[in-house]
Amino acid sequence: MIIALLSLLVLAVLQGITFVIARRIGRYNIVDVVWSLGFVLVALVAALFGHGALDRRLLLLGLVTVWGLRLSWHLHRKTAGHGEDPRYTQLLDRHGHAPAIALRRIFITQGLSQWVISAPIQVSATAGPTAGFGRFVVVAGILVWLLGFTFEAVGDRQLKQFRADPANRGTVMDRGLWAWTRHPNYFGDFAVWWGLWLIAASAWPGVLTIFAPLLMSYVLIQGTGARLLERYMGQRPGYREYQQRTAYFLPWPPHRARSH
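Residues numbered from 1 in each chain as written. Predicted model: local features only at pLDDT ≥ 70, side-chain atom pairs only at ≥ 80, totals over all residues. Heavy atoms only, no water.

**Notes on the environment of isoleucine 117**
Along the polypeptide, isoleucine 117 turns up in helix H5 (residues 99–117). On the accessibility criterion, isoleucine 117 (0% relative accessible area) is buried. Note: C-alpha distance between isoleucine 117 and tyrosine 239 (122 residues apart in sequence) is 32 Å. Excluding anything up to four places from it in sequence, isoleucine 117 contacts Trp35, Phe39, Trp193, Ala212, Leu215 and Met216. (Helix = DSSP H or I, 4+ residues; strand = E, 2+ residues; numbered from the N terminus. Buried < 20%, exposed > 50% of the residue type's maximum accessible area, 1.4 Å probe, protein only. Contact = heavy atoms within 4.5 Å.)

Structural data, given as structure tokens:
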């Protein structure tokens, strides 16, 4: 219980500070930069104040920190010097631009999502040692995390290099991992969080937190992730053809016609 309360407090403070900064700089997409940092803070709280197996607490802290800091830095560099994200503009156009509405619908919503999705980290911090078959589950979790981290990091790098080439202006990125899935970065996040859940599930009662990766999966696939981006990208020349030949989310061999 103490881990859950401390985590909630830390996330509330983080979102409050982020809201103040967002109001000062005039754009709310800074919330994306602190999305992964919130999980790093929760993992740190869990490692410091948990009484469960120390090796698993440190493992989760290490994996979450590597993933979180890379993603945060990537998003900072991607958004710095640019205007507001169209997602937040459309959201506030629908519900109103009052600061209280932005606070509730963007920052409080994100903070609560971080708290729920980080449940495996919180619960694992109070669980006993991993033993027997659970050790194989930990290894499986590390491998799934590594798959996700690779997809996310490599996909982001490939897209950055593609956009840096003026010859690609106005065309759709369909190379490398982007030929296997239209959303390698979102798939990477998906695999990262299923990997973290597997590590937590290696000791009771971590398995009960399966709702967390399920929620993350919904956010990435149907919520504010891939589905929303598809709506935005669907108007670009060549994107409909790209949808027809490339898997939507789960990677699949390229150059195979399919419906979306």
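**Observations concerning the layout of surface pockets**
The calculated volume of the second largest pocket comes to roughly 200 Å³. Put simply, the parts of the chain that give the lining of the second largest pocket at least two residues each are helix H1 (2–25), H5 and helix H6 (119–124). The leading source of residues in the lining of the second largest pocket is H6, at 3 residues. Partitioning the lining of the second largest pocket into residue classes produces 8 nonpolar, 2 polar and no charged. (1 Å grid on protein atoms, 1.4 Å probe; cavity = no way out; pocket = protein on both sides within 12 Å on 5 of 7 lines; lining within 4 Å. Points joined across faces, edges and corners; volume = space filled by probe spheres on them. Nonpolar A, V, L, I, M, F, W, Y, C, P; charged D, E, K, R; others polar.)

**A short note on the side chain of glutamate 152**
Relative to the helices and strands, glutamate 152 resides in helix H7 (residues 134–164). Only 3.0 Å separates the side chain of glutamate 152 from the side chain of tryptophan 67, close enough to count as a polar contact. The residues touching glutamate 152, leaving out its near neighbours within four places in the chain, are Trp67, Arg70, Leu71, Pro184, Asn185, Gly188, Asp189 and Val192. (Polar contact = N/O pair within 3.5 Å; in protein donor to acceptor, adjacent residues only side chain to side chain.)

**Thoughts on empty space enclosed by the protein**
In the structure shown here, the tally under the stated rule is 1 cavity of 30 Å³ or more. Reported here for the largest cavity is a volume of approximately 40 Å³. Looking at the lining of the largest cavity residue by residue, the classes come out as 6 nonpolar, 1 polar and 1 charged.

**A closer look at the packing of aromatic side chains**
For the structure shown, the criterion picks out 16 aromatic pairs. Through a chain of ring-to-ring contacts, the aromatic side chains of Phe151, Phe187, Phe190, Trp194, Trp197, Tyr248 and Phe249 assemble into a single cluster. (Phe/Tyr/Trp six-rings, centres within 6.5 Å; stacked < 30°, edge-to-face > 60°.)

**Focus on the packing of helix H2 (residues 30–49) against helix H3 (residues 54–79)**
Direction vectors running N to C along H2 and H3 enclose 160 degrees, while the axes themselves pass 8 Å from each other. Considering the angle they form, H2 stands roughly antiparallel to H3. H3 is crossed by H2, and the crossing has left-handed handedness. Contact residues: H2 offers Asp32, Val33, Ser36, Leu37, Phe39, Val40, Ala43, Leu44, Ala46 and Ala47, while H3 offers Arg57, Leu61, Val64, Thr65, Trp67, Gly68, Leu69, Leu71, Ser72, Leu75, His76 and Thr79. Tallied by class, residues from the contact of H2 with H3 come to 14 nonpolar, 6 polar and 2 charged. (Axes fitted to C-alpha atoms, helices over the stretch in contact; angles between N-to-C directions. Parallel < 35°, antiparallel > 145°, perpendicular 65-115°, else oblique. Left-handed = near helix turned anticlockwise from the far one by under 90°.)

**Section: a positive patch on the surface**
Together, Arg94, Arg104, Arg105 and Arg231 line one region of the surface with positive charge. Among the structural elements, arginine 105 can be located in helix H5. (Patch = residues over 30% accessible without salt bridge, like charges linked within 9 Å, V, L, I, M, F, W, Y side chains within 5 Å. Areas by Shrake-Rupley, 256 points an atom, 1.4 Å probe, with all protein chains shown as cover. Salt bridge = Lys/Arg side-chain N within 4 Å of Asp/Glu carboxyl O. Lys, Arg positive; Asp, Glu negative; His and termini not counted. Charge placed at Lys NZ, Arg CZ, Asp CG, Glu CD.)

**Points about the pattern of salt bridges**
Scanning all chains against the criterion turns up 4 salt bridges. Linking aspartate 156 and arginine 70 is a salt bridge whose minimum nitrogen-to-oxygen distance equals 2.8 Å. Of this pair, aspartate 156 sits in helix H7 while arginine 70 sits in helix H3; the two residues are 86 residues apart in sequence, bridging distant segments of the chain. Salt bridges sharing common partners tie together Arg70, Glu152 and Asp156.

Keep in mind these values describe shape, not function.
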